[in-house]
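# Chain and residue survey
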Amino acid sequence: MKPKALVYSKLPEEVLEYVREHCETSSFDAPDNTPGSPFTEALKDAEGLLGAGLKVDAAFLDRAPQLKIVSNISVGYDNLIIPEISRRGIMATNTPGVLNDTVADTIFGLLVATARRMPELDRYVRNGQWKDSRDDVQFGLDVHHKTLGIIGLGGIGEKIVQRARFGFDMDIIYHNRSRNPKLEEQYGAVYRTLDELLVEADFVCLMTPLTPETRGMIGEREFKLMKKSAIFINGSRGATVDEEALIEALHSGTIWAAGLDVYVQEPLPDNHPLLSLDNAVLLPHIGSATRETRLEMAWTAARNLVAGLEGKTPPNLIQA
Ligand SMILES: NC(=O)C1=CN([C@@H]2O[C@H](COP(=O)(O)OP(=O)(O)OC[C@H]3O[C@@H](n4cnc5c(N)ncnc54)[C@H](OP(=O)(O)O)[C@@H]3O)[C@@H](O)[C@H]2O)C=CC1
Ligand SMILES: O=CC(=O)O
């Protein structure tokens, strides 16, 4: 008998087919947690769970007593309460590596777009305001030869640094909990304490996972340490930043601008204060959102799921 899998995100057809070959599969384009819904019913005997973003905590797990593996279609896994999942002997997996270049393209693109005010100037052209090309209202800030400070120099961070160092001649400083001599050598990256990095960097780029340690790690104090000309880029998770402090820093000119891909509440609500700030460039959490990479992530997650359900160690098992 095939194991029972519950798929709660829309998958490319060939990946869903692969899961169906190996598992008795119930699939949904989105989870519906209301009592008695087909999703909730399928959860009762699901052995494998595959999808992106669903909060898997004690209450959820109580409703899924047969679960053996939770396969996340993302590298970040702050939606999974790992101690609770492990305590029940359930495996959890994610999709590291396959998205590094794509996310780095997005985040570096966001950095350039913010420095050169591209979305704002796109609106300026469309609104018929473009009357004189020498107008200094169009000026932005240089990216090349500046200092990039990266907090969270891991898989994705490395690819951002590669673009910055070799594409834009930038100097690299970084802050992790531990030093990485290999990347220091490869990119001339120089280790800094968090405060030193905030003071020195022209671009502060946050790329850590969301953990109890990183939650709210950039707040009022940290924005005040940054240069007035600093550009803050967040590609990690919204909650690593105190969003109210960020809005105040952008509003008061404590920093020059911010480029954001992630927010405390996603999607951003209609009346969110960030929406009215011209010095904030806002993306809808699309770091890995290309057809090729999302397909690769779906394959990676599906292979993790099937391996776990076949009693093997999945390639991307998250260590508790
Ligand atoms: N915007 C988007 O669409 C995407 C966002 N992401 C986010 O990016 C995150 C990083 O992904 P990835 O690069 O693959 O992860 P990695 O684990 O490869 O890298 C994370 C880095 O963060 C550092 N880090 C962890 N905790 C801290 C801390 N408390 N202080 C300083 N540095 C810390 C780690 O170094 P050390 O252990 O030495 O501290 C490591 O170098 C994901 O967890 C996810 O939240 C990922 C994909 C897409
Ligand atoms: O945010 C996306 C991820 O893969 O993590």
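Sequence order as written defines the numbering, with residues in each chain counted from 1. Chain letters and ligand numbers both follow the written order, the letters beginning at A and the numbers at 1. Given that this is a predicted model, residues contribute local features only at a pLDDT of at least 70 and side-chain atom pairs are listed and counted only at 80 or more, while totals for whole chains, interfaces and linings are drawn from all residues. Side-chain figures throughout are based on the complete set of non-hydrogen atoms in the structure, without hydrogens or water.

Where each domain starts and ends follows an automatic or database-derived domain assignment. Assigned domains within the chain: domain 1 (4-97 + 292-310) and domain 2 (99-282). The gap between the C-alpha centroids of domain 1 and domain 2 is 32 Å. Pairs of residues are marked as contacts when any of their non-hydrogen atoms sit within 4.5 Å. In this assembly, seven residues from domain 1 lie in contact with six residues from domain 2. What gets called buried area is simply the loss in accessible area from a 1.4 Å probe that two parts show on being joined, summed for both. Of the roughly 590 Å² buried at the junction of domain 1 and domain 2 (both faces included), carbon and sulfur atoms supply 54%. Interface area lost by domain 1 to domain 2 is led by Asp-78, Gly-97 and Thr-293, which between them contribute 69%. Salt bridges, as used here, are contacts in which a Lys or Arg side-chain nitrogen is within 4 Å of a carboxyl oxygen on Asp or Glu. The tally of links from domain 1 across to domain 2 stands at one salt bridge.

The method works on a 1 Å grid over the protein atoms by themselves. A cavity is a set of points holding a 1.4 Å probe that cannot get out, a pocket is an open set with protein on both sides within 12 Å along at least five of seven lines, and residues with an atom within 4 Å of a point line them. Grid points are joined across faces, edges and corners, and a volume is the space filled by probe spheres set on the points. In total, this model carries one cavity of 30 Å³ or more according to the counting rule given. For the largest cavity, the calculated volume is near 40 Å³. In terms of lining, the largest cavity is formed by Asn-234, Gly-238, Val-241, Glu-243, Leu-246, Leu-260, Val-262, Tyr-263 and Leu-274.

Here we take up the sheet that holds strand E10 (residues 231-234). Strand pairing in a sheet takes place through backbone hydrogen bonds and is either antiparallel or parallel in direction. Note: two strands are recorded as paired if DSSP finds a minimum of 2 bridges between them. Where helices and strands are cited, they refer to DSSP runs of H or I of at least four residues and of E of at least two residues respectively, numbered from the N terminus. Taken together, seven strands build an open sheet; the order of strands is E8-E7-E6-E9-E10-E11-E12 and the sheet is parallel. On the outer flanks of this sheet lie strand E8 (190-191) and strand E12 (280-282), each paired with one strand and no other. Pairing of strand E11 (residues 257-260) with E12, which is carried by three bridges, proceeds in the parallel orientation. Of the residues in E12, the one forming a bridge with Gly-259 is Val-281. Strands E10, E11 and E12 of the sheet are contacted by helix H11 (residues 243-252), whose axis makes an angle of about 140° with E11. The convention used is that axes are lines fitted to C-alpha atoms, helices contributing only their stretch in contact, and that angles between N-to-C directions extend from 0 to 180 degrees.

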